[in-house]
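# Remarks on the overall topology
What follows is each chain in one-letter form.
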Amino acid sequence: MFRPTSTTRLSAHLRRALATHASPPTAPPTRHSWTKQEIQKIYNSPLLDLVFRAASVHRQYHDPSKIQLCTLMNIKTGGCSEDCSYCSQSSRYSTPTKASRLVDIEPVLEAARKAKENGSTRFCMGAAWRDLSGRKRGFERILTMVREIRGMGMEVCTTLGMLTPEQARQLKEAGLTAYNHNLDTSREFYPEVISTRSYDDRLDTISAVRDAGISVCSGGILGLGESDKDRVGLIWEVANMPEHPESFPVNALVPIKGTPLENNEPVPHQTILRTISTARIVLPGTIIRLAAGRQTLDETQQAMCFMAGANAVFTGEQMLTTPCSPWDEDKAMMGRWGLEGMGSFEQPSVARKEGARLEERSAVRVEASGEVEASV
């Protein structure tokens, strides 16, 4: 009987697993050499022309009827030593948010099961920490959460502050799909928002995540007091990374009493739309996530964002400390607009990284158990 080598068997398995995730054949290669002037010109173009161009690019790289449904759970609230001026979880500000300990494992798993039942295919967990230094037991608990939720067939994302390469490696081994670490704004405006962590600190964590084979989720917040030039600067920063982030969240500031930005004016819808459209053109293969502040947009405004290339939302009971649109409302809205939920690992770049993880794990199993019979 023919007995294939482990390499042959695994390659065939991965080809089958990833065959349905190929990019559309008409999609041209992505660029990593954008200039700020080029992006600014796109951003400043007439709004309807900009949306039309973005929608055209979106259809080259994505199924426009698909929206990724994600649910975010705060697993450790408040008490953070950072001074992010928009955040109610900073210990430096007096806000309604109260500090709490890391949540136990079972309530998190129950929340993930509920999210999956309601159609979410990515479960995200956030902990209000600067980094994981001195949190060995807490990190081990989070690794268990990642393993268990990944075992449910869901994509798993965490945001835990700064990571070392070794911590990123452990998260990857546990089955983490993506790591969220937003740049927030341009390098130039960043010091106006945060002083306790540098821009390069954030980029170092993103590099550690990417080098570990984890998908990167990194975007920004609109309404911090930044200019259009800063929004362009943020997009330029991620557009020129060695790999574009698999996910680019677009957050609209939700001003929270007690934070330095509590009196900031709401960001106009046209600014959100311009940012999404420009990001779609410059980051064509990236999932663009309509994140915090979405509940301030009416249904037609959200539909315009989907038209312009946004193809992921947070849905569920709430985000970290701000409101979120409930599952039933979102599913009803999507039904009215002919949209449907995206499956787990449906994004090509995420599927490729997941395939590499499966190949590595399968190779370990083959080595441990010896040669495997060919399936007939």
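Located above this text is the structure these notes cover.
The structure displayed is predicted, hence computed values, not measured ones. (Residues numbered from 1 in each chain as written. Predicted model: local features only at pLDDT ≥ 70, side-chain atom pairs only at ≥ 80, totals over all residues. Heavy atoms only, no water.)

Scanning all chains against the criterion turns up 21 salt bridges. Notably, a salt bridge pairs Arg-231 with Glu-226, separated by 2.9 Å at the nearest N-O pair. Accessibility classification places Arg-231 together with Glu-226 in one group, the buried group. Under the relative-accessibility criterion, Arg-231 is labelled buried at 11%. Connected via shared salt-bridge partners are Glu-82, Arg-130, Asp-131 and Arg-197. (Salt bridge = Lys/Arg side-chain N within 4 Å of Asp/Glu carboxyl O. Buried < 20%, exposed > 50% of the residue type's maximum accessible area, 1.4 Å probe, protein only.)

Attention now moves to the nonpolar core. Core analysis: the largest hydrophobic core is formed by 88 residues, its most contacted members being Ile-149, Leu-171 and Ile-272. When near neighbours in sequence (up to four residues on either side) are disregarded, Ile-149 contacts Val-108, Leu-109, Ala-112, Phe-123, Met-125, Met-154 and Val-156. Counting seven residues, the second largest nonpolar core, distinct from the first, contains Leu-72, Cys-157, Ala-178 and Ala-291. (Core = buried A, V, L, I, M, F, W, Y, C linked by side-chain atoms within 4.5 Å. Contact = heavy atoms within 4.5 Å.)

Moving on, we get to the packing of helix 3 (residues 47–61) against helix 9 (residues 269–282). Close contact between helix 3 and helix 9 brings their axes to 8 Å; oriented N to C, the two are set at 40 degrees. Judged by the angle between their axes, helix 3 and helix 9 are oblique. Along this stretch, helix 3 crosses helix 9, giving a crossing that reads as left-handed. Taken together, the residues of helix 9 that come into contact with helix 3 (itself represented by Leu-47, Leu-50, Val-51, Arg-53, Ala-54, Val-57 and His-58) are Gln-270, Leu-273, Arg-274, Ser-277, Thr-278, Arg-280 and Ile-281. The residue makeup of the contact of helix 3 with helix 9, split by class, is seven nonpolar, four polar and three charged. (Axes fitted to C-alpha atoms, helices over the stretch in contact; angles between N-to-C directions. Helix = DSSP H or I, 4+ residues; strand = E, 2+ residues; numbered from the N terminus. Parallel < 35°, antiparallel > 145°, perpendicular 65-115°, else oblique. Left-handed = near helix turned anticlockwise from the far one by under 90°. Nonpolar A, V, L, I, M, F, W, Y, C, P; charged D, E, K, R; others polar.)

A few words on the packing of aromatic side chains. Summed over the entire model, instances satisfying the criterion amount to one aromatic pair. Ring centres 5.2 Å apart and planes at 75 degrees place the aromatic pair Tyr-190 and Tyr-199 in the edge-to-face group. Tyr-199 shares its class with Tyr-190; the two are buried. One residue, Lys-36, lies across the ring of Trp-236, its end atom 4.8 Å from the ring centre. (Phe/Tyr/Trp six-rings, centres within 6.5 Å; stacked < 30°, edge-to-face > 60°. Lys NZ or Arg CZ within 6 Å of the ring centre and 35° of its normal.)

Okay, helix 6 (residues 165–174) next. Those residues of helix 6 that fall on the buried side of the exposure criterion are Gln-167, Ala-168, Leu-171, Lys-172 and Ala-174. For helix 6, the angular spread of buried residues about the axis comes to 160 degrees, placing them on one side. Following helix 6 by one or two positions, Gly-175 has its phi on the positive side, about 110 degrees. (Arc of directions from axis to C-beta.)

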